[in-house]
Every structure is written in structure tokens, then in C-alpha cells.
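Examining the three-dimensional arrangement
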Amino acid sequence: MAPLAKQSTAKRARGNQANVDVNEQQEAEMPLAPGTAEEPSPEGGCLLSLKIKIFMEDTRSVEEILASIPPPPLPAMMNERGAPRLMITHIVNENFKSYAGRQILGPFHNRFSCIIGPHGSGKSNIIDSMLFVFGYRAQKIRSKKLSVLIHSSETHQNLASCTVEVHFQKIVDKDEDDYDVLPGSQFHVARSAYRDGSSSYNISGCRKSFKEVGALLRSHGIDLDHNRFLILQVSVPFIADAECFSNI
């Protein structure tokens, strides 16, 4: 009797599996109920290309639809005419990469500055110095670790640290390239790297955490969490060729 019991159990299992398959097929063939939507599926890895099929017509008028759209969020920095804005006056590199000793880069123009020079003269290291101060990791500054950022040459060996300062001030634009400096608005943000791979930040000479540096810069419209103010050359082709922009 035992073999018969096993055979009966196997038949029941096959029968149950068949019922499950039939039920799943019936559910797959059933149309969606009115007012429901399919789950969006990404196409081409682009968020803007997600398609949602809605099986319910919107009976609202165009005016009602437009009125339901929320207003756009306020920008992080209002750049109205006559309003003060932040500018970089100069950068100080001390034993940073190709810059031996204390080197002052600037002054920069209040609207547009162009850095030119022969190959290997240190143009890219100016951008790297800004990336360093703004908290980028060593790999983003074309280095394996922070200690590699410390200058090393025949005349400058075994240096203990390197430091970069980015100096800011608030100005009010006037006619053409003229401007007024807001009294007491000057400050600088600095970062130092050490041989042991550590680093530290300071604001105008007072040691601070990176979180405090980020909060200060964010209050002036520089958002370190969502970088929209520093576009690297390597990112330009990806932005220009992004599939997402083809649907805008």
C-alpha cells in the first residue's frame, strides 16, 4: 500500500501545480481594472523614459490641470540685479602637487577667468586644488591617496603636509566689470593633507569639520552635496550625450 500512497501524493502534487499554472495564466491574461496603472519599467536606464499606462481618462480641463501643478522650488541662490553674490578672489597652494612652497594664484576676475599655459605647467592642478578643498576624495583628484598630493621634488623632499586655501568675498556688481565689496564679507576655506593619509579643514584659520564647511558654503549658494557648480572636463561628453536629454 505504501507505493500506492506515494503515487497518489505525486499525482496530487502534479495536479496542484497544474492548477497553479492555470491560475497564473488566467491572472496574466486578465485586463487591468479601470483606474489602475502598470508598474513603470526602465527603458534604456533613463528615468525620463519611464512610461506609465493610465487606464482612466482625466476629465479635468486644461486650466484645472495647470492650476494643480505646484510652483517650482526657489533656487539656492537668488542672483537678482544689485543683490550681493559670492566670488573667488584667489587660491593659495602650499606644497600641493606641482606647487612647491606657498604659491598665490590670482587675483581672479569677478565674472570670468581663463587659465592658459603649456602642457605640464599645472593648469589642471588648479582645479584639483579646488576639488581638494571641496572635499573630493583622492581618486577624484587623480591620486591614489591624499599623501600623494604633497609636493615632492629634489629641492623639496619629505614634506609633512600640503594646504590649499580658497578665498572668497561677497560683492555687488555695478556697471560692466566694476563692483563693490561688502565690508567684512571676506573669508577663506582651507584643507590640509598629511603623510598619514588624514586631512583637516579650517575656516579663516579656525579648525572646523567638513560638515561645518559644507553648511557655510551652502548658505552662500555652493551646495557640496549636489555638485552643480564645478563641472569637470571628463563629465562634459557624458552630459552632452546623455540619453535622458533627448526626451526633454
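The residue count restarts for each chain, going from 1 along the sequence in the order it is written. The model is predicted, so local features are restricted to residues of pLDDT at least 70 and side-chain atom pairs to those at 80 or more, both for listing and for counting; the totals for chains, interfaces and linings are taken over all residues. Only hydrogens and water are set aside when side-chain values are computed; all heavy atoms of the structure are taken into account.

The name given to the chain in an unreviewed UniProt entry is RecF/RecN/SMC N-terminal domain-containing protein, with Eptatretus burgeri as the source organism.

Right, let's talk about the nonpolar core for a bit. To form a nonpolar core, buried Ala, Val, Leu, Ile, Met, Phe, Trp, Tyr and Cys residues must be joined to one another through side-chain atoms within 4.5 Å. Only protein chains enter the area calculation, which uses a 1.4 Å probe; residues under 20% of their type maximum are buried, those over 50% are exposed, and those in between are partly exposed. Phe132, Phe134, Phe168 and Leu217 are the most contacted members of the largest nonpolar core, which totals 32 residues. For helices the rule is a DSSP run of H or I covering at least 4 residues; for strands it is a run of E covering at least 2, with both sets numbered from the N terminus onward. Elements supplying a minimum of two residues to this core: strand 1 (85–96), strand 2 (99–105), helix 3 (123–133), strand 3 (161–173), strand 5 (187–194), strand 6 (199–203) and helix 4 (210–219). With five residues, helix 3 is the largest single contributor of residues to this core. Ignoring sequence-local partners within four residues, the contact set of Phe132 consists of Phe96, Ile141, Leu146, Leu149, Val164, Arg191, Ser192, Ala193 and Tyr201. It only takes one pair of heavy atoms within 4.5 Å for two residues to be counted as in contact.

We now examine unusual backbone geometry. Of note, the bond from Gly106 into Pro107 is cis; its omega dihedral lies within 30 degrees of zero at 5 degrees. One can find Pro107 in the loop between strand 2 and helix 3. Of note in this structure, Asn95 is not a glycine but carries a positive phi near 55 degrees. Considering the arrangement of structural elements, one finds Asn95 in strand 1. Owing to a relative accessible area of 12%, Asn95 belongs among the buried residues under this scheme.

This part takes up the side chain of Asn93. With respect to the helices and strands, Asn93 occurs in strand 1. Ignoring any residue separated from it by four or fewer positions in sequence, one finds Asn93 in contact with Tyr99, Gly101, Arg102, Gln103, Leu105, Asn125, Ser129, Thr163 and Val164.

Turning next to the environment of Gly221. Within the secondary structure, Gly221 is located in the loop between helix 4 and helix 5 (236–240). Overall, Gly221 belongs to the partly exposed group, its relative accessible area being 25%. With 136 residues separating them along the chain, Gly221 and Arg85 place their C-alpha atoms 8.8 Å apart.

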